[in-house]
Amino acid sequence: MKRLLWLLLMASSSSMALDCNNATTTLDMNECAAQEQQVVEARLNEVYRNVMKHLEGNEDHYPEVRAKLLEGQRAWIKFREADCEAQYILHQDGTMRNLVHIGCMQSHAEQRIKSLQAFIESD
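Here we summarise the structure given alongside this text. All of these numbers come straight from a predicted model, not from anything done at the bench. All residue numbers refer to position in the chain's written sequence, counted from 1. This being a predicted model, a pLDDT of at least 70 is required before a residue's local features are given, and a value of 80 or more before pairs of side-chain atoms are given or counted; all residues contribute to the totals for chains, interfaces and linings. Water and hydrogen atoms play no part in the side-chain values, which are based on all heavy atoms of the structure.

**Some points on the nonpolar core**
In this structure, Leu44, Val51, Leu69 and Leu116 are the most contacted members of the largest nonpolar core, which totals 13 residues. The dominant element in this core, judged by the number of residues it contributes, is helix 2 (residues 26-54), at six residues. Excluding anything up to four places from it in sequence, Leu69 contacts Tyr48, Val51, Met52, Leu55, Arg112, Leu116 and Phe119. In this text, buried Ala, Val, Leu, Ile, Met, Phe, Trp, Tyr and Cys residues form a nonpolar core when linked through side-chain atoms within 4.5 Å. Only protein chains enter the accessibility calculation, which uses a 1.4 Å probe; a residue whose area is less than 20% of its type maximum is buried, one above 50% is exposed, and one in between is partly exposed. Strands here mean DSSP runs of E at least two residues long; helices mean DSSP runs of H or I at least four residues long; both are numbered from the N terminus. What makes two residues a contact is simply this: any of their non-hydrogen atoms within 4.5 Å.

This is how it looks when you write it as structure tokens:
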């Protein structure tokens, strides 16, 4: 039990001091990629909320646009999960499978952010 507690403390203290600019181990690279992905996910959620709020306007077609955008977002989430899971399975025997999966998720999120921003820019 003491050994497990010690390992947990060491793991948490090493992640606090993690220098993502100089990550060299697979575990460190995974942690850095996950941290970066969380930032992109937060941005994606923010952009989606902003678009939906923008579409609360009085335009006659906005309710239908909002409904279709919600439907599309749900479908996109399922697509992204399946697509990136396929990448993970393809690389399941490699040590970089988590980085591939995280990179796939992030790449799709960045593309979706651009697509969502077009709803406001084209309006």
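**What to know about the pattern of salt bridges**
Close approach of charged atoms allows side chains with opposite charge to pair. Any carboxyl oxygen of Asp or Glu within 4 Å of a side-chain nitrogen of Lys or Arg constitutes a salt bridge here. What the rule picks out here adds up to four salt bridges. Note that Glu46 is salt-bridged to Arg43, the shortest N-O span being 3.7 Å. A residue pair is termed a helical-turn pair when its members lie 3 or 4 positions apart in one helix, as Glu46 and Arg43 do in helix 2 at three residues. With relative accessibility at 37%, the residue Glu46 sits in the partly exposed group. A residue is classified by how much of its surface remains accessible, and Arg43, at 36% relative accessible area, is partly exposed. Its salt-bridge partner being Glu71, residue Lys68 comes within 3.4 Å of it at the nearest N-O pair. Taken together, the positions of Lys68 and Glu71, both in helix 3 (residues 62-90) and three residues apart, correspond to about one turn of that helix. Classification of Glu71 as partly exposed rests on a relative accessible area of 48%.

**Examining the environment of Ala23**
Inspection of the secondary structure assignment puts Ala23 in the loop between helix 1 (2-16) and helix 2. Ignoring any residue separated from it by four or fewer positions in sequence, one finds Ala23 in contact with Asp28, Met29 and Cys32.

**Focus on helix 3**
Compared with the 42 Å implied by 1.5 Å per residue over 29 residues, the 41 Å span of helix 3 between its first and last C-alpha is a close match. The complete set of buried residues in helix 3 reads Tyr62, Leu69, Gln73, Trp76, Arg80 and Cys84. Those residues of helix 3 that are buried are in contact with helix 2 and helix 4 (97-121). Multiply 1.5 Å by the residue count of a helix minus one, and that product is the helix's expected span.

**Some points on the state of the cysteines**
A covalent bond bridging the sulfur atoms of two cysteines is what the word disulfide describes. Disulfides are defined in this document as cysteine sulfur pairs within 2.5 Å. Enumeration over the complete set of coordinates arrives at two disulfides. Linked covalently through their sulfurs, Cys20 and Cys32 form a disulfide whose S-S length is 2.1 Å. One quick way to see it: the torsion about the S-S bond of Cys20 and Cys32 is about -90°, and its sign makes the bridge left-handed. On the criterion of sequence distance, the pair formed by Cys20 in the loop between helix 1 and helix 2 and Cys32 in helix 2 is long-range, its members being 12 residues apart. Of the residues examined, Cys20 reaches a relative accessible area of 34% and is grouped as partly exposed. The class of Cys32 is buried, set by a relative accessible area of 11%. Between Cys84 and Cys104 runs a disulfide, and the two sulfur atoms are separated by 2.2 Å. Residues Cys84 and Cys104 are joined by a disulfide whose S-S torsion is about -85°; by sign, that bridge is left-handed. Highlighted residues: Cys84 in helix 3 and Cys104 in helix 4, separated in sequence by 20 residues. Summarising the burial analysis for this pair, Cys84 and Cys104 share the class buried.

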